[in-house]
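# Working through the structure, step by step
Chain by chain, the residues:
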Amino acid sequence: MNGNVEKRCVEIGKYISETGATVRQAGAVFGISKSTVHIDVTKRLYEIDRILYDEVKKVLQENKAERHIRGGNATKKKYSEYKKN
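Since the structure is predicted, the reported quantities are computational estimates derived from the model, not experimental observations.

To continue, consider the packing of aromatic side chains. Scanning all chains against the criterion turns up two aromatic pairs. Arranged with centres 5.6 Å apart and planes meeting at 80 degrees, the rings of Y15 and F30 form a pair that is edge-to-face. Linking Y15 in helix 1 (residues 3-19) with F30 in helix 2 (residues 23-30), this pair joins segments that are 15 residues apart in sequence. With relative accessibility at 24%, the residue Y15 sits in the partly exposed group. A cation over a ring is seen here: R50 above Y46, with NZ or CZ 4.0 Å from the ring centre.

As a further point, take the pattern of salt bridges. Taken as a whole, this structure holds two salt bridges when the rule is applied. The residue D40 makes a salt bridge to R44 at a minimum N-O spacing of 2.6 Å. Placement of the pair is D40 and R44 together in helix 3 (residues 34-48), with a separation of four residues, close to one helical turn. With a relative accessible area of 27%, R44 lands in the partly exposed category. A network of salt bridges, in which partner residues are shared, links R8, D40 and R44.

Before going further, it helps to examine the packing of helix 2 against helix 3. Viewed as axis vectors pointing N to C, helix 2 and helix 3 meet at an angle of 105 degrees, and their least axial separation amounts to 8 Å. Here helix 2 lies roughly perpendicular to helix 3, going by the angle between them. Contacts from V23, R24, A26 and G27 of helix 2 reach helix 3 at K34, V37 and H38. Of the residues in the contact of helix 2 with helix 3, the class split is three nonpolar, two polar and two charged.

This part takes up the side chain of D40. Classification of D40 as buried rests on a relative accessible area of 0%. Here the side chain of D40 touches R44 through a polar contact of 2.6 Å, side chain to side chain. Discounting chain neighbours no more than four positions away, the residues touching D40 are R8, C9, I12, I32 and L45.

The subject of this paragraph is the nonpolar core. Residues I12, I16, V37, V41, L45 and V56 are the most contacted members of the largest nonpolar core, which totals 14 residues. Counting only elements with at least two residues in this core, the list comes to helix 1, helix 2, helix 3 and helix 4 (50-84). The element that contributes the greatest number of residues to this core is helix 4, accounting for five residues. Leaving out residues up to four positions away in the same chain, V56 has contacts with G13, I16, S17, V41 and L45.

Reading the values: the criteria
- Residues numbered from 1 in each chain as written.
- Predicted model: local features only at pLDDT ≥ 70, side-chain atom pairs only at ≥ 80, totals over all residues.
- Heavy atoms only, no water.
- Phe/Tyr/Trp six-rings, centres within 6.5 Å; stacked < 30°, edge-to-face > 60°.
- Helix = DSSP H or I, 4+ residues; strand = E, 2+ residues; numbered from the N terminus.
- Buried < 20%, exposed > 50% of the residue type's maximum accessible area, 1.4 Å probe, protein only.
- Lys NZ or Arg CZ within 6 Å of the ring centre and 35° of its normal.
- Salt bridge = Lys/Arg side-chain N within 4 Å of Asp/Glu carboxyl O.
- Axes fitted to C-alpha atoms, helices over the stretch in contact; angles between N-to-C directions.
- Parallel < 35°, antiparallel > 145°, perpendicular 65-115°, else oblique.
- Contact = heavy atoms within 4.5 Å.
- Nonpolar A, V, L, I, M, F, W, Y, C, P; charged D, E, K, R; others polar.
- Polar contact = N/O pair within 3.5 Å; in protein donor to acceptor, adjacent residues only side chain to side chain.
- Core = buried A, V, L, I, M, F, W, Y, C linked by side-chain atoms within 4.5 Å.

Limitation: the analysis is restricted to geometry and does not speak to function.
Here's what the structure looks like:
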């Protein structure tokens, strides 16, 4: 891996651990796909910085546990908008 990829992995990892952002949100901020973000913070970051990796892993697990709630809220909002119109 070259230095740019390692730097990107650390930057993304810090962003996710500080903000609690989802993989999609981090991808939008850094202008890369969610697949790239996921690979960066799960595989590459493990080899670069294990402490940061552990912090990011906790955030990703929390986001995964909550995603069904966020999806339900989005659906509820969508159909409440239909009722208003």
